[in-house]
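What follows is the residue order along each chain.
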Amino acid sequence: MKKRRILSIFMGVVILLLTVTGCSGDVEVSQGVTDTSIKVGNTAATSGAFAMVGVPFNAGIQAYFKKVNDEGGIDGRMIEFVHYDDEFDPVKGKAFTEQLINDDKVFAIVGHFGTPTIGATVDLLKETGIPTVYFAAGISDLYYEDANSVEEGRGLFPVQPIYVTEGRLIVARAIEEHNAKKIGVIYTNDDAGKDLLAGVENQIEKLSGDYSIIKEQVNPGATDVSSAVLKMKNEGVDVIIAASIQATFPTIVKELINQGLDKPVFTTYVNADAATIANFAADYTSLSNKFPIYSNSWLSLDNEDELQAFIDGITEYGEPDYAGNAYAMAGWIAGHFMVEGLKRTAEEGLTWENFMKAMEDEFKIPMGGTVDFRDGNRIGTQSMALLKVSQDASTWEVVKPMENLNDILSRVE
């Protein structure tokens, strides 16, 4: 009986190894890879309050994969995309992430979506070692300057900017554009809001001069932020930083309008989409004296060839209605990075280790700057432009071109 048990355990280990590092021809591969397919996936909010982000985001990923598959795939292998709707719920997000890794046995996660789910699964991703390409959020848990092992985040490849860094940038922009001294921050009690606040506080501490911060917390998705806005009004702040993402930002803007507080507003790049403006457009256009509302952008529409490639791709392989959607662009970029990593890995064998080695390079971001994963860097892109809501509240207009964060910060430090 003892011998049988030992043999059973041994065979179980053999089966597990074959599952994780199976064989395709004479080239070693990891889970999710067959002779004809490569399985990748994500969990994202495609219903509920954040469906306005998750649906076009996933449409961008799928359109890119359809385009690549139509062109022959990755050395003949078709990309299979598995998706689960977590409704922006971290409990569901973690369960679905575990399902993708352990049951669906995807080769990699692509477009890992949303601050709650990312925060709940970062440790899981590092523990399993599964490569994860592109995060649709910029929480500080993704920031690593020396990721030389899987435990230190080597398998994580963030492309978007990290919120802490962006918070520092927003302070620099507020000073440069409006000579701000007293900076108000309305922040949500979640990872995104607190990380942005941490960046703001970090930057103010670095400055020499008479700078101060007035801060007030609100709940994510709050429908009443009147007390927070009233505090900003009573304190006489020079500018207001809305450290919140899509569900709360429009509420803050509408309450500023309601209370007649016409100070410049700065917010995160996550809100830089026409769909977000639409939630407060009617209130904003009714103002005779419009206060400026700024955001950042790590994407640029100046490269006409790259922009046209996205428009053509999303139109032919996805949803034509998303041709001007920033979230669909982000999904397209996520798909691009996944494919680039697969292409660079294929000849060496599609294993997790080979994939990580192939990704440790500098990449050009379609419709954007660059991101550098060399030397353990996992800090996202550091190139951003400054945007402002147009007078008719129909779009975001470019105020300052794409610049490196260090160059911007150097002008006010």
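For the structure, check the block above.
The structure presented is a predicted model; accordingly, all values stated were derived computationally and were not measured.

Whenever I open this one, the overall build of the protein confuses me. Can you help?
In terms of regular secondary structure, the protein is built from 14 helices and 16 strands. Taken along its principal axes, the extent of the C-alpha atoms in the protein is 80 × 50 × 40 Å. Classification of the 413 residues of the protein by burial places 56% in the buried group. Here the contacts in the protein between residues at least 6 apart in sequence split such that 72% fall between residues at least 24 apart. Accessible surface computed for the protein: about 17100 Å², of which carbon and sulfur atoms make up 47%. The positive charge centre, built from 34 side chains, and the negative charge centre, built from 60, are 5 Å apart in the protein.

Looking at this model, I keep getting lost on the packing of aromatic side chains. Mind explaining?
Where two aromatic rings form a pair, the distance of their centres and the angle of their planes describe that pair. Considering all chains together, one arrives at 19 aromatic pairs under this definition. Taken together, a centroid distance of 5.2 Å and an interplanar angle of 80 degrees make the contact between Phe-157 and Phe-373 edge-to-face. Here the residue Phe-157 occupies a position in strand S7 (residues 156-157), and Phe-373 occupies one in the loop between strand S14 (370-372) and strand S15 (383-389), the gap between them amounting to 216 residues. Note on Phe-157: relative accessible area 0%, which makes it buried. With a centroid separation of 5.9 Å and 85 degrees between ring planes, the pair formed by Tyr-284 and Phe-291 is classed as edge-to-face. On the basis of relative accessibility, which here comes to 3%, the residue Phe-291 falls in the buried class. In this structure an aromatic cluster arises from ring pairing among Phe-50, Phe-57, Phe-88, Phe-113, Tyr-134 and Trp-298. Positioned above the aromatic ring of Tyr-211 is the side chain of Lys-181, whose terminal nitrogen or guanidinium carbon lies 4.4 Å from the ring centre.

I'm lost on the sheet that holds strand S6 (residues 132-136) in this one. Help?
Sheet strands pair by backbone hydrogen bonding; their relative direction is either parallel or antiparallel. Pairing within the open sheet is parallel, and its five strands lie in the order S4-S3-S5-S6-S7. Bordering the open sheet on either side are strand S4 (78-85) and S7, each of which pairs with just one other strand. Running at roughly 175 degrees to strand S3 (residues 37-44), helix H3 (residues 90-103) makes contact with S3, S4 and strand S5 (108-113) of the sheet.

Before we go on, may I ask you to explain the layout of surface pockets in this structure?
If a probe as big as a water molecule is rolled over the atoms, it shows which places are left empty. Size it by volume and the largest pocket reaches roughly 710 Å³. Taken together, the elements giving at least two residues each to the lining of the largest pocket come down to helix H2 (51-70), strand S12 (293-297), helix H11 (304-317), helix H12 (326-346), S15 and strand S16 (396-404). Grouping the amino acids of the lining of the largest pocket by side-chain chemistry returns 29 nonpolar, ten polar and two charged. Tyr-143, Val-164, Thr-165, Arg-168, Asn-202, Lys-206, Ile-379, Gln-382, Leu-405, Asn-406 and Leu-409 together form the lining of the second largest pocket. Listing elements by their share of the lining of the second largest pocket, those giving two or more residues are helix H5 (163-178), helix H6 (191-206) and helix H14 (405-410). Split into classes, the residues belonging to the lining of the second largest pocket amount to five nonpolar, four polar and two charged.

Can you walk me through the packing of H11 against H12 in this structure?
Geometry of a packed helix pair, given as the angle between the helix axes and the separation of the axes. Viewed as axis vectors pointing N to C, H11 and H12 meet at an angle of 95 degrees, and their least axial separation amounts to 11 Å. Between H11 and H12, the interaxial angle falls into the category roughly perpendicular. Contacts from Leu-307, Ala-309, Phe-310, Gly-313 and Ile-314 of H11 reach H12 at Ala-328, Met-329 and Trp-332. For the contact of H11 with H12, a count of residues per class yields seven nonpolar, one polar and no charged.

The rules behind each value
Residues numbered from 1 in each chain as written. Predicted model: local features only at pLDDT ≥ 70, side-chain atom pairs only at ≥ 80, totals over all residues. Heavy atoms only, no water. Helix = DSSP H or I, 4+ residues; strand = E, 2+ residues; numbered from the N terminus. Buried < 20%, exposed > 50% of the residue type's maximum accessible area, 1.4 Å probe, protein only. Contact = heavy atoms within 4.5 Å. Areas by Shrake-Rupley, 256 points an atom, 1.4 Å probe, with all protein chains shown as cover. Lys, Arg positive; Asp, Glu negative; His and termini not counted. Charge placed at Lys NZ, Arg CZ, Asp CG, Glu CD. Phe/Tyr/Trp six-rings, centres within 6.5 Å; stacked < 30°, edge-to-face > 60°. Lys NZ or Arg CZ within 6 Å of the ring centre and 35° of its normal. Pairing = 2+ DSSP bridges. Axes fitted to C-alpha atoms, helices over the stretch in contact; angles between N-to-C directions. 1 Å grid on protein atoms, 1.4 Å probe; cavity = no way out; pocket = protein on both sides within 12 Å on 5 of 7 lines; lining within 4 Å. Points joined across faces, edges and corners; volume = space filled by probe spheres on them. Nonpolar A, V, L, I, M, F, W, Y, C, P; charged D, E, K, R; others polar. Parallel < 35°, antiparallel > 145°, perpendicular 65-115°, else oblique.

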